[in-house]
Structure formats: C-alpha cells, structure tokens
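So you can see what is in the structure, the chains are spelled out below.
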Amino acid sequence: MEQQLDFLVDKVVAELQKKLGEASEQAPSPKTETGLIQLRSEPKAEPVVSATTAQAQAPVVNEQHAPSAEPERTSHVPNPKYKEGLDELLSSTPARIGVWRAGVRPLTKTMLELRRDHAAAVDAVYGEVSQAVLDQFSLFTVETQYDNTENYLKRPDMGRVLTEEGVRTLQERGQKKPQVQIVVSDGLSAAAVDANLKDVLPSLMDSLKSYGLTCGTPFFIKGGRVASMDHVGEILEPEVLVLLIGERPGLVTAHSMSAYMCYRPRKGMVESERTVISNIHRQGTSPVEAGAHIGTILSKMLEQKASGVKLVL
C-alpha cells in the first residue's frame, strides 16, 4: 500500500515538474538575468514599432487636412497648348483665369464660387464692424450724415460730413492739433476692418514710435467716405492724418482695406493731394507690412510738408 502511494506521489511530482519545465521554456523565469532583460525589453518592442508607424503616417494626414492660407490656383482647361504659360499666369494673379466651361456656360464649381464671393461682398457692404474690435483698441465712434446703408450708397456726399453730434463728440474727446491723427472707418467693407485692423494698427503705432512721432486719439467713423478725413482735419487740425477704410469689395476678396494719408487735411482738397496704400489684405499687401510702411510715409510727409503728387517717396 505504501509502495503504491509512493509511486503515485512520484508520478504526480514528475508531471508537475514536466509542466513547470514547459512553462519555463515559453516564458523566461524572472529570477534569471536573461529573464529580467527580456521582460523589460518585450513591453517596449511593440510601442516602439507603433510609434514609428504613427510618425511616418502623421505628415500625410496633416497635409490633407491643414487649411491653406490661400485658395488653390489650378486651371480647368483640358490639355492647354502652353501649360507653363498658363501656370505662370495663375501664380501671378488672383483673377479668375483658366476656369473653362461646360458647353457655353461656366463650370458648376466656378458658378458656385462666384455666388459665394458675391454673397461675401454684399455682406461686407451691409455688415457692421464688430464692437469687440473697436473695444480692443478703445476706439470711440462718431457718425456721418449717411443715415442708412441704402442712402450711403446713393449719396456719397453724405458720408463726407459728420453729424452735429459727431462734431461735438470729436471736440470733447479728440486731441487738438496732434502730430499724427489715426481714423478708422467701415467705408464699403466692414469685413475689411474686422479682418485687418488687429494687424495694421499695432504695426502702425510701433512704426510711429520708432520715428519718434506722437499720435492723437484714434477713433472710428461709421458710414465714412474718404473725404470725411477733410472734415476731421477742419475740427482737430492735425499735421498729418491717416484714414484706414474698407475698400469696395470685389469677387477676389471682400476684406481689402486702404490707407489714405494727407498733410494738413481740410475741406476743398483734391484727390491728387492724398497718398494711398490700397489692397491691404492677406492675399495683397500684408497688413503688418502696410502698417509699418504707413508710418514711414507719414514721417516723410512731416519732413517734406507735402502729400499726394507733391510728396517724394
């Protein structure tokens, strides 16, 4: 009986040892130095491979989804005779060229783009400058006699003269006889002010500071035309004045701004006495560069005591 029990015990122990041996072959024992190295390296092996794969794939994903700064300029003309010349034209102008046709009509994509850009232009004319943008630069508001947008479009002369209340506000809050006076107006594109003022104005202020020029109190004219700067000149009598105003929007952009500058503006001035930088927007004259260049021009106006065609740049 004891012999049978000893035999069974030996058999069980032998089976257990066999199973332990098989387990040790599949997974190294943590008690051995080799086992410790393998246990530490094995968990790292898989993440390293997956991270490398993710890094290799990441640039492709980013290129596909990253928004471009400017719309893609491509030709829809099938098999053009002079492809290099057409590509050169496309790279040199934002105008709609190489759009091709479907029968005698433009392509559907072209028509949709035209309708989109026309809607943006209408919104720019009938929109209003964000109050948050004006508050950001502490610009108080005065109005012209434009009354409403429809009247503003039909009667440009009414956008050249401030209301009586606007004159009083300017006399109370504006600085008299400043060296440089900065004025902002919506003009024909409120969207232009929203899009560019945050870059143009700080750059302009830095430029004036670098030339050692002092600035009066900047403000905003609602419903202003270019010649409204003449009325402001009569009231505040600045040496030089710059008017940052929204341009008439087109189908290329609705965000274009102009900077009209004048030495000692006054009523009765002719257009040749003004100096202007136009097409200030992301795809035209850079807003930051424009602000810096405006400061340079104003300093030359003060040196030469002239503007417009009399100014030597």
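Going by an unreviewed UniProt entry, the protein chain carries the name Ethanolamine ammonia-lyase small subunit and comes from Brevibacillus fortis. Regarding the protein chain, the UniProt comment filed under Sequence similarities (unreviewed entry) reads as follows: "Belongs to the EutC family." The annotation that UniProt attaches to the protein chain under Pathway (unreviewed entry) is "Amine and polyamine degradation; ethanolamine degradation."

In this section: the packing of aromatic side chains. Under the defined criterion, the tally for this structure stands at two aromatic pairs. Relative to F219, the ring of F140 has its centre 5.4 Å away and its plane inclined at 20 degrees; by these criteria the two rings are stacked. Separated by 79 residues along the polypeptide, F140 in strand 1 (residues 140–143) and F219 in strand 3 (residues 219–222) bring together distant segments of the chain. The burial state of F140 is the same as that of F219; both residues are buried. R101 extends its terminal NZ or CZ atom over the ring of W100, reaching a point 4.8 Å from the ring centre. One residue, R225, lies across the ring of Y152, its end atom 4.2 Å from the ring centre.

Paired through backbone hydrogen bonds, the strands of a sheet run either parallel or antiparallel to each other. Pairing within the open sheet is mixed, and its six strands lie in the order 1-3-2-4-5-6. A single partner strand is all that each edge strand has here, and the edge strands are strand 1 and strand 6 (275–280). Strand-to-strand twist in this sheet, taken as the mean axis angle between neighbours without regard to direction, amounts to 25 degrees. Bridge analysis of strand 5 (residues 257–263) against strand 6 gives four bridges, and the strand direction is antiparallel.

As a packed pair, helix 7 (residues 164–173) and helix 9 (residues 228–236) sit with axes 10 Å apart at the nearest point and diverge in direction by 50 degrees. On the basis of the axis angle, helix 7 is oblique to helix 9. Relative to helix 9, the crossing made by helix 7 is right-handed. Contact residues: helix 7 offers V167, L170 and Q171, while helix 9 offers H231, V232, I235 and L236. Class assignment of the residues belonging to the contact of helix 7 with helix 9 gives a composition of five nonpolar, two polar and no charged.

Packing of helix 8 (residues 190–210) against helix 10 (residues 287–304) leaves a shortest axis separation of 7 Å and a crossing angle of 35 degrees. In this structure, helix 8 crosses over helix 10, and the sense of that crossing is right-handed. Together, N196, D199, V200, S203, L204, S207 and L208 of helix 8 and P287, V288, G291, A292, I294, G295, T296 and L298 of helix 10 make up the contact between the two elements. Of the residues that constitute the contact of helix 8 with helix 10, the class distribution is eight nonpolar, six polar and one charged.

Criteria and cut-off values
Residues numbered from 1 in each chain as written. Predicted model: local features only at pLDDT ≥ 70, side-chain atom pairs only at ≥ 80, totals over all residues. Heavy atoms only, no water. UniProt positions renumbered as here; feature names shortened; annotations may be inferred. Phe/Tyr/Trp six-rings, centres within 6.5 Å; stacked < 30°, edge-to-face > 60°. Helix = DSSP H or I, 4+ residues; strand = E, 2+ residues; numbered from the N terminus. Buried < 20%, exposed > 50% of the residue type's maximum accessible area, 1.4 Å probe, protein only. Lys NZ or Arg CZ within 6 Å of the ring centre and 35° of its normal. Pairing = 2+ DSSP bridges. Axes fitted to C-alpha atoms, helices over the stretch in contact; angles between N-to-C directions. Parallel < 35°, antiparallel > 145°, perpendicular 65-115°, else oblique. Left-handed = near helix turned anticlockwise from the far one by under 90°. Contact = heavy atoms within 4.5 Å. Nonpolar A, V, L, I, M, F, W, Y, C, P; charged D, E, K, R; others polar.

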